[in-house]
Amino acid sequence: MFYLYVPFFLIISTILSGSLIIIINLMLNLIWLTSKDFNISAQLFFNSLLSDLSNGIAFFIIVLITFFIAFIVTAIVRYFFPIDRRIAYSLAGFFGIFVMLKLTTLVFTGAALIAGMRSILGLLLLSLCGLLGGYVYGLLLNRNIK
Amino acid sequence: MREGNFIFKQMRTLLISFSFILTIFNSLYAEDHHYTIEKIKVDFSNPWSSAFLPNGDILVNELSGKIKLIEAETKKITEIKNVPKVLFKGQGGLSDIILHPNYQINKRIYLSFSYGSKSNNTLRVISAELKDHELIDKKVIFEASPYRKTANHYGTRLLFLEDNSLLITSGDGFNYRELAQELDNHYGKILRVKDDGSVPSDNPFLGVDNALPEIWSLGHRNQQGIARDSKNEIIYSHEHGPRGGDEINIILPGRNYGWPAITYGIDYNGSIISPFTEKDGMEQPIKYWVPSIGPSDMLFYEGQSFPELQGSLLITSLVPGDIRKISFNKFSISEEIIFKEIKGRVRSIKASKEGDLIVLTDGPKGNAYIISK
């Protein structure tokens, strides 16, 4: 019965990380626009966020596949080295997102398809979103495994 | 037996009638077009641009770094020697080719290409003399600054103005889009230099603090088409938008065309680049496309071969892949797909002095088509 919940946990962590990445990406764009004398109202922010989330289905699927691979690898690693799930899946989430973002630049000859990752700080922030998703996944597993 | 004969005769009559109808239809169709399209019987490796020589021969640039000459009469292909080494990666490689306005006298051609390594490269423009199928006396006349880590969005189109100064389109390098709004770099700009690479004294940002003197206009993305209406002295440029937002702009010196602060497109991942489409001090396109058509080259038709095209912009598109005629009426701009026989991603279109056209299709086995009357 427990294993039926695992895909559900995967989806929760994907939605969490994917949404955070989209929010950070949007905020980085809007901060730059503010520096160019554009007026960003709260309504404009929320409309933009809604648009980004609704247009981000393909991106959520990429994050889902990333987590799926990262968490399977982590489960195998944990079989040999049974470290705490929260730590293991946090690291898996962090490096999963980091590698996924870096791979896109390799495929597109250096072009960053998620604009927010172009700076080291941005890349770190987006990878931290992966860490948070992984942490929640590990936490949910811990709570449901007796 | 008699029944079999009857069926045979009936089928034969039907076939003859059908082929007769086809012949009539075909002749009507051909008559309607009044032009011929000749496909050069050689594949080109990622053909990117071309130029008609005064004797009718055609030079074709391949992105991989070769220039091939198509002889006008025989259509024989000869490779030009001593072509500069280029970076053939991503969207980079040997790009545009253009003759100097005084080519008849000085035999000089101008080439744009990406130069350097995959992770540290730039847009470079050289001039060279074309002599006996070889480039000699090569001179670097422009190099975009700073170098980039990506192999995308070079722009690279070239256009000579009335005063023999040269416009160079320089793309935003994909990862450096915000720099298109700054004057201290060449990303996302149209640049103007003299034919020897020096800076004209009337460039709009010359003498402005921290501004690079070659800049003619700013706020561009990846401009792969630039053309001049020589009668009215209007410069048109088109640029690729991201997902949607391809634009045609009328280029004026010192103007800001907005990218990425204002745009009609969104990012490839679906996120908003800017929620704004207009702002004071930033120019509006005269036309934009959502969804994108991938505009890849453009010319302003002033030739004699096709009077019906005179005064129109001819634009090639990669997606879905066609040639478009953009006509200007007093209050509107109309768009029509022409030369529909040419299929696939269309990379480039150029015209001879008389007005015959050469069209290149994209890809490792690209083709060249000569359209004439």
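Residues numbered from 1 in each chain as written. Chains lettered and ligands numbered in written order. Predicted model: local features only at pLDDT ≥ 70, side-chain atom pairs only at ≥ 80, totals over all residues.

## Concerning the environment of Ile 40 of chain B
Residue and element names in this part refer to chain B.
And step 1. Structurally, Ile 40 is set in the loop between strand 1 (36-39) and strand 2 (47-52).
And step 2. Note: C-alpha distance between Ile 40 and Tyr 369 (329 residues apart in sequence) is 6.1 Å.
And step 3. Ignoring any residue separated from it by four or fewer positions in sequence, one finds Ile 40 in contact with Ile 70, Lys 75, Asn 367 and Ala 368. (Helix = DSSP H or I, 4+ residues; strand = E, 2+ residues; numbered from the N terminus. Contact = placed C-beta atoms within 7 Å.)

## Comments concerning the interface of chain B and chain A
The accessible area lost on association of the parts is a frequent measure of interface size.
And step 1. Of the residues lining the interface, 22 residues belong to chain B; the matching set on chain A comes to 24 residues.
And step 2. Residues of the side of chain B that touches chain A, tallied by class, amount to nine nonpolar, nine polar and four charged. (Nonpolar A, V, L, I, M, F, W, Y, C, P; charged D, E, K, R; others polar.)

## A closer look at the confidence of the model for chain B
All names here are of chain B.
And step 1. Of all residues in chain B, 91% have pLDDT values of 70 or greater, and the mean over the chain is 93.
And step 2. Counting contacts from residues 22-31, a segment whose pLDDT is below 50, to residues more than four positions away or on other chains yields zero contacts.
And step 3. Two summary scores accompany this predicted model of the complex, namely pTM at 0.91 and ipTM at 0.91. (pLDDT = per-residue confidence, 0-100.)

## Remarks on the packing of helix 3 (residues 57-80) of chain A against helix 4 (residues 85-107) of chain A
All names here are of chain A.
And step 1. Two elements in contact, helix 3 and helix 4, have axes whose closest approach is 9 Å; the angle formed by their N-to-C orientations is 135 degrees. Judged on the interaxial angle alone, helix 4 and helix 3 are oblique. Pair helix 3 / helix 4 crosses with right-handed handedness. Residues Ile 62, Thr 66, Phe 67, Ala 70, Phe 71, Val 73, Thr 74 and Arg 78 of helix 3 touch helix 4, and the partners they reach there are Ala 88, Tyr 89, Ala 92, Gly 93, Phe 95, Gly 96, Ile 97 and Met 100.
And step 2. Here the residues of the contact of helix 3 with helix 4 sort into eleven nonpolar, four polar and one charged. (Axes fitted to C-alpha atoms, helices over the stretch in contact; angles between N-to-C directions. Parallel < 35°, antiparallel > 145°, perpendicular 65-115°, else oblique. Left-handed = near helix turned anticlockwise from the far one by under 90°.)

## Some points on the sheet that holds strand 11 (residues 166-170) of chain B
Residues and elements named next belong to chain B.
And step 1. The antiparallel open sheet is built from four strands, whose spatial order is 10-11-12-13. The open sheet terminates on both sides in strands that have one partner only, identified here as strand 10 (155-160) and strand 13 (215-218). When strand polarity is set aside, the average angle formed by the axes of neighbouring strands in this sheet is 20 degrees. (Pairing = 2+ DSSP bridges.)

## Let's talk about the environment of Pro 295 of chain B
All names here are of chain B.
And step 1. If you trace the backbone, Pro 295 turns up in strand 18 (residues 295-300).
And step 2. Classification of Pro 295 as buried rests on a count of 26 C-beta atoms within 10 Å.
And step 3. Between the C-alpha atom of Pro 295 and that of Gly 207, which follows or precedes it by 88 residues, the distance is 34 Å.
And step 4. Not counting residues up to four positions away in its chain, the partners in contact with Pro 295 are Gln 224, Gly 225, His 238, His 240, Asp 246, Ile 315 and Ser 317. (Buried ≥ 20, exposed ≤ 12 C-beta atoms within 10 Å, placed from the backbone.)

## Digging into helix 1 (residues 2-35) of chain A
An α-helical turn contains 3.6 residues, so a residue and the one three or four places further along point in the same direction.
And step 1. Here helix 1 of chain A spans 50 Å end to end across 34 residues, near enough to the 50 Å set by a 1.5 Å rise per residue.
And step 2. Note on helix 1 of chain A: the residue one or two positions beyond its end, Asp 37 of chain A, has a positive phi of about 70 degrees. (Expected span 1.5 Å × (residues − 1).)

## Things to note about the pairing of strand 4 (residues 66-70) of chain B
Residues and elements named next belong to chain B.
And step 1. Bridge count between strand 3 (residues 58-62) and strand 4: five bridges; the pairing is antiparallel. Bridged to Leu 59 within strand 4 is Leu 69.
And step 2. Hairpin connection of strand 3 to strand 4: three residues between the antiparallel strands, including Gly 65 at a positive phi of 115 degrees.
And step 3. Where strand 4 meets strand 5 (residues 77-79), three bridges bridge the pair, whose relative direction is antiparallel. What sits directly across from Leu 69, in strand 5, is Thr 78.
And step 4. Count of turn residues in the strand 4/strand 5 antiparallel hairpin: six residues, of which Lys 75 carries a positive phi of about 65 degrees.

## Structural notes on the nonpolar core
Across soluble globular proteins, nonpolar side chains show a tendency to be buried alongside one another.
And step 1. Counting 75 residues, the largest nonpolar core has Leu 111, Ile 168, Ala 227, Met 298, Leu 299, Leu 314 and Val 359 of chain B as the members making the most contacts within it.
And step 2. Element by element, the count of residues in this core is highest for strand 7 (residues 108-117) of chain B, at five residues.
And step 3. Within the second largest apolar cluster, 34 residues are counted, among which are Phe 9, Ile 97, Met 100 and Ala 112 of chain A. (Core = buried A, V, L, I, M, F, W, Y, C linked by C-beta atoms within 7 Å.)

## So, unusual backbone geometry
Residue and element names in this part refer to chain B.
And step 1. Each neighbour pair has its own omega, and for Val 290 with Pro 291 the value is 0 degrees, a cis peptide bond.
And step 2. Here Val 319 and Pro 320 are connected by a cis peptide whose omega angle stands at 0 degrees.
And step 3. For Pro 320, the position within the fold is in the loop between strand 19 (313-317) and strand 20 (322-328).
And step 4. Positive phi values are uncommon outside glycine, yet Thr 156 reaches one of about 80 degrees.
And step 5. Looking at where Thr 156 falls in the secondary structure, it is placed in strand 10.

## Thoughts on the environment of Phe 59 of chain A
And step 1. Looking at where Phe 59 of chain A falls in the secondary structure, it is placed in helix 3.
And step 2. For the pair Phe 59 of chain A and Ile 22 of chain A, spaced 37 residues apart in sequence, the C-alpha to C-alpha distance is 9.1 Å.
And step 3. Excluding residues within four positions of it along the chain, Phe 59 of chain A makes contact with Gly 18 of chain A together with Asn 269 and Gly 270 of chain B.

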